[in-house]
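Per-entry structural report
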Amino acid sequence: MPEPTPEPTSSQVPRLVVTWLVVTVPLAYGLFQTIRSVIPLFAG
Amino acid sequence: MALSFLDREHTVAKPGYSRWLIPPAALAIHLCIGQAYATSVYKNALVNHFESSLTAIGVIFSIAIVMLGLSAAVLGTWVERAGPRAAMFASACFWASGFLVGALGIATSQLWLVYLGYGFLGGIGLGIGYISPVSTLIKWFPDRPGLATGMAIMGFGGGALVASPLSRQLMALYDSGYDPADPTSVASGSAVTSLFVTLGVGYFLVMMLGVFTVKVPPPGWTPAGFDAGAVTAKPMVSAADVSAANAIRTPQFWFLWIALFCNVTAGIGILEQAAPMIQDFFRSGGMSSVAPTTAAGFVAFLSLFNMAGRFVWSSTSDYIGRKPTYVLYLGVGMVLYVLLATVGHLSTMIFVLVAAVIISFYGGGFSTAPAYLRDLFGTFQVGAIHGRLLTAWSAAGIAGPLIINGFLDAQGTPGELVAADYRPALFTMVGVLAVGFVANILIRPVAARFHEPAGSAGAFAEGKV
């Protein structure tokens, strides 16, 4: 079996940024909204 | 063939492929299927639309969770053989079609179609999706399996955090009469139909990110600087592989099944009852000092700890070991339940903090389990074994609410209960945790007669058998 061509590490940076953004942005939105709804618990 | 890109052999990473692309691929799946924990957002809207009971609508979620356990157990070996990309694609198709068939059911007022769609089809998507990235993550992160599976399974907890506010905002967009800030406001059936279509399409697209990003490491790959000998030299970590069929014949599997079952049963006991529980604990003279908005804040606080526990405790288990981590969940869990029962009513802060740590242990139990399985049974069919272990979750989903509701029904009527009425249920949970604690202590390394012969595991992974 021929040896596969290595993927250059630098070309993966944009892909890493995009894939992590796709999952962390909604997660950050969910966290923000949840923390907002937690505030009444400690406000009293 | 058009779908050949899904085959395992087409997903083998080229040298140099960053393993840090795998956790977001896994998160893309788990964040979407974690929506299953946010069904309460449109529960009342469906009760109104179908003019049915809460129980009849609750059956939708129950079918989905039962199908999760069944499909993970039955299809686990297929997931292992077909590879993560095919499994994630199948999960996305089932999950999205579940929403679309469910939307058709709401639009045509046919509740059975919602059972079939979200419950049956969506539940299969849940089961396949839950286990699809686990084995791949463990193979990419042999040095930190707890961290890797913790990240993915944290996404399942995070999925509800995203889906709850997003669903409220979307329903407000589709129904001008619905106020997301008002807990008594109920959206129309057509708004829930549109919500289901939006979520089905949206989740399918996000899950495709996982499908097109996930890759399996080339045979024999290890991360730079990784010393396999150092890992297997740790107590309770095996270098041998055990098949899924053999794993369920070992006492270790069933001891871990019992430990997970007990941990989940105890956690569900609080999660199921969280909002009324905090109000009942601080009730005096028929009036609770905890307002409904504060109780809702408590539920949100628990969901944060549920999610954080999945990541923090599972990552910690890479350093202290899986067995000691389960000793923590079950042993300290017992102490915390006793504290909750005896001094929880003295201060809301004590009550909130103790309950939050208990729920972090509940979440941690889920995310540490795949790494525990890897330690005991190797990486060979860890995804399939994990699928079979998840039947403990399905069983606990029945046992936990039965225990807590059974005791509370015997103590009085909802809305009139006080802290003392919870004590029998909480002390029963201490007993449940003690059973799990003993089961975990009894776990020893798997006997050599269950190990795969050298070489056969690699042949399976490459699809040769």
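Per chain, residues are indexed from 1 in the order of the written sequence. Chain letters start at A and ligand numbers start at 1, both assigned in the order the entries are written. Two thresholds apply to this predicted model, a pLDDT of at least 70 for residue-level local features and 80 or more for giving and counting side-chain atom pairs, whereas whole-chain, interface and lining totals are computed over all residues. Note that water and hydrogens are dropped before the side-chain values are worked out from all heavy atoms of the structure.

Here we look at the overall build of chain B
Quick reminder of the rule: Put simply, DSSP marks the helices as runs of H or I at least four residues long and the strands as runs of E at least two long, and each gets a number from the N terminus on. In this description the radius of gyration comes from C-alpha coordinates, and the expected globular size is given by 2.2 Å times residues to the power 0.38. Only protein chains enter the calculation, and the probe is 1.4 Å; a residue is then buried if its accessible area is under 20% of its type maximum, exposed if over 50%, and partly exposed in between. The contact criterion used is simple: two residues touch if any of their non-hydrogen atoms lie within 4.5 Å. For the purpose of charge, His is not counted, nor are the chain termini; Lys and Arg are scored as positive and Asp and Glu as negative. Where a charge sits is defined by one atom per residue type, namely NZ (Lys), CZ (Arg), CG (Asp) or CD (Glu).
Secondary structure summary: chain B contains 19 helices and two strands in total. Here the C-alpha atoms of chain B give a radius of gyration of 22 Å, agreeing with the 23 Å that 2.2 N^0.38 yields for 465 residues. The C-alpha extent of chain B, read off along each of the three principal axes, is 70 × 50 × 35 Å. Across the 465 residues in chain B, those meeting the buried criterion constitute 58%. A fraction of 84% describes how many contacts in chain B between residues 6 or more apart in sequence connect residues 24 or more apart. Treating the 22 positive side-chain charges of chain B as one cloud and the 19 negative ones as another, the clouds have centres 11 Å apart.

Topic: a nonpolar patch on the surface
To keep things clear, this is the line we draw: Grouping into patches uses exposed residues only, defined as over 30% relative accessible area, and leaves out salt-bridged ones; the cut-off is 9 Å for like charges and 5 Å for nonpolar side chains (Val, Leu, Ile, Met, Phe, Trp, Tyr). Every accessible area reported is derived by Shrake-Rupley at a probe size of 1.4 Å, with residue values counting cover from the shown protein chains alone. A side-chain nitrogen of Lys or Arg and a carboxyl oxygen of Asp or Glu constitute a salt bridge if their distance falls within 4 Å.
The grouping of Val13, Val17, Leu21 and Val25 of chain A at the surface amounts to a nonpolar patch, some 340 Å² of accessible area in total. Counting through the fold element by element, Val13 of chain A comes out in helix 1 (residues 13–43).

Things to note about helix 12 (residues 274–281) of chain B
Of all eight residues that make up helix 12 of chain B, six are buried, and the element is covered over most of its length. Taken together, the buried positions of helix 12 of chain B are occupied by Ala274, Met277, Ile278, Gln279, Asp280 and Phe281 of chain B.

Topic: the interface of chain B and chain A
The condition is simple: Summed over both partners, buried area is the accessible surface (1.4 Å probe) that two parts give up on being assembled. Throughout this description, a polar contact denotes any pair of N or O atoms lying within 3.5 Å of each other; where both atoms belong to protein, one of them has to be capable of donating a hydrogen while the other can accept it, and for residues adjacent in sequence the pair is counted only when both atoms sit in side chains.
Contact with chain B, which involves 36 residues of that partner, is made by 24 residues of chain A. If you sort the residues of chain B by the area they bury against chain A, Lys14, Pro15 and Leu21 of chain B come out on top, with a joint share of 18%. Across the chain B-chain A interface, the total number found is zero salt bridges. The interface formed by chain B and chain A holds six residue pairs in polar contact (both at pLDDT 80 or more) in total.

Overview of the packing of helix 13 (residues 292–320) of chain B against helix 14 (residues 322–343) of chain B
Residue and element names in this part refer to chain B. Put simply, the test is: Each axis is a line fitted through C-alpha atoms, and for a helix only the stretch in contact is used; angles between axes span 0 to 180 degrees, taken between their N-to-C directions. When describing relative orientation, an angle under 35 degrees is termed roughly parallel and one over 145 degrees roughly antiparallel, while 65 to 115 degrees is termed roughly perpendicular and anything else oblique. Put simply, Ala, Val, Leu, Ile, Met, Phe, Trp, Tyr, Cys and Pro go in the nonpolar bin, Asp, Glu, Lys and Arg in the charged bin, and everything else, Gly too, in the polar bin.
Where helix 13 meets helix 14, the axes come as close as 7 Å, and the angle between the chain directions of the two elements is 130°. Regarding the angle of helix 13 to helix 14, the classification is oblique. From helix 13, Trp313, Ser314, Ser317, Asp318 and Ile320 reach across to helix 14, where they touch Arg322, Pro324, Thr325, Leu328 and Tyr329. A breakdown of the residues in the contact of helix 13 with helix 14 according to their chemical character gives five nonpolar, three polar and two charged.

A short note on the domain arrangement of chain B
Residues and elements named next belong to chain B. What counts is decided by this rule: Those domain boundaries reflect an automatic or database domain assignment.
Partitioning chain B into domains gives domain 1 (4–9 + 18–213) and domain 2 (228–450). Centre-to-centre separation of domain 1 and domain 2, based on C-alpha positions: 23 Å. Taken together, the contact between domain 1 and domain 2 spans 30 residues of the former and 31 residues of the latter. Summed over both partners, the interface of domain 1 with domain 2 buries about 2700 Å², with 68% contributed by carbon and sulfur atoms. Viewed at the interface, domain 2 and domain 1 are joined by one salt bridge. Among the salt bridges present, the one from Arg144 reaches Asp318, with a minimum N-O distance of 3.2 Å. Residue assignment for the side of domain 1 that touches domain 2 shows that the elements contributing at least two residues are helix 3 (54–82), helix 5 (111–131), helix 6 (134–140) and helix 7 (145–174). Ranked by residue count, the leading element in the side of domain 1 that touches domain 2 is helix 7, at 12 residues. Tallied by class, the residues present in the side of domain 1 that touches domain 2 amount to 18 nonpolar, nine polar and three charged.

Side note on the side chain of Arg283 of chain B
Residue and element names in this part refer to chain B. With respect to the helices and strands, the residue Arg283 is situated in strand 1 (residues 283–284). Given the relative accessible area of 16%, Arg283 is considered buried. Engagement of the side chain of Arg283 in a polar contact is seen with the side chain of Asp280, the distance being 2.6 Å. For Arg283, the side chain forms a polar contact with the main-chain oxygen of Leu417, separated by 2.9 Å.

Considering the environment of Phe61 of chain B
All names here are of chain B. Mapping Phe61 onto the fold places it in helix 3. Between the C-alpha atom of Phe61 and that of Leu373, which follows or precedes it by 312 residues, the distance is 28 Å. With near-sequence residues (within four places) excluded, Phe61 lies in contact with Ala36, Tyr37 and Thr39.

Observations regarding the UniProt feature "transmembrane region" (unreviewed entry) in chain A
Applied cut-off: UniProt positions are given in the numbering used here, feature names are shortened, and annotations may be inferred rather than shown by experiment.
UniProt records the feature "transmembrane region" (unreviewed entry) at residues 12–32 of chain A, using the numbering of this structure. End C-alpha to end C-alpha, residues 12–32 of chain A measures 29 Å, and it is 95% helix and 0% strand.

Things to note about the side chain of Ser18 of chain B
Counting through the fold element by element, Ser18 of chain B comes out in the segment before helix 1 (22–33). You can call Ser18 of chain B buried: its relative accessible area is 14%. Among residues more than four places away in sequence, those in contact with Ser18 of chain B are Gln12 and Leu16 of chain A.

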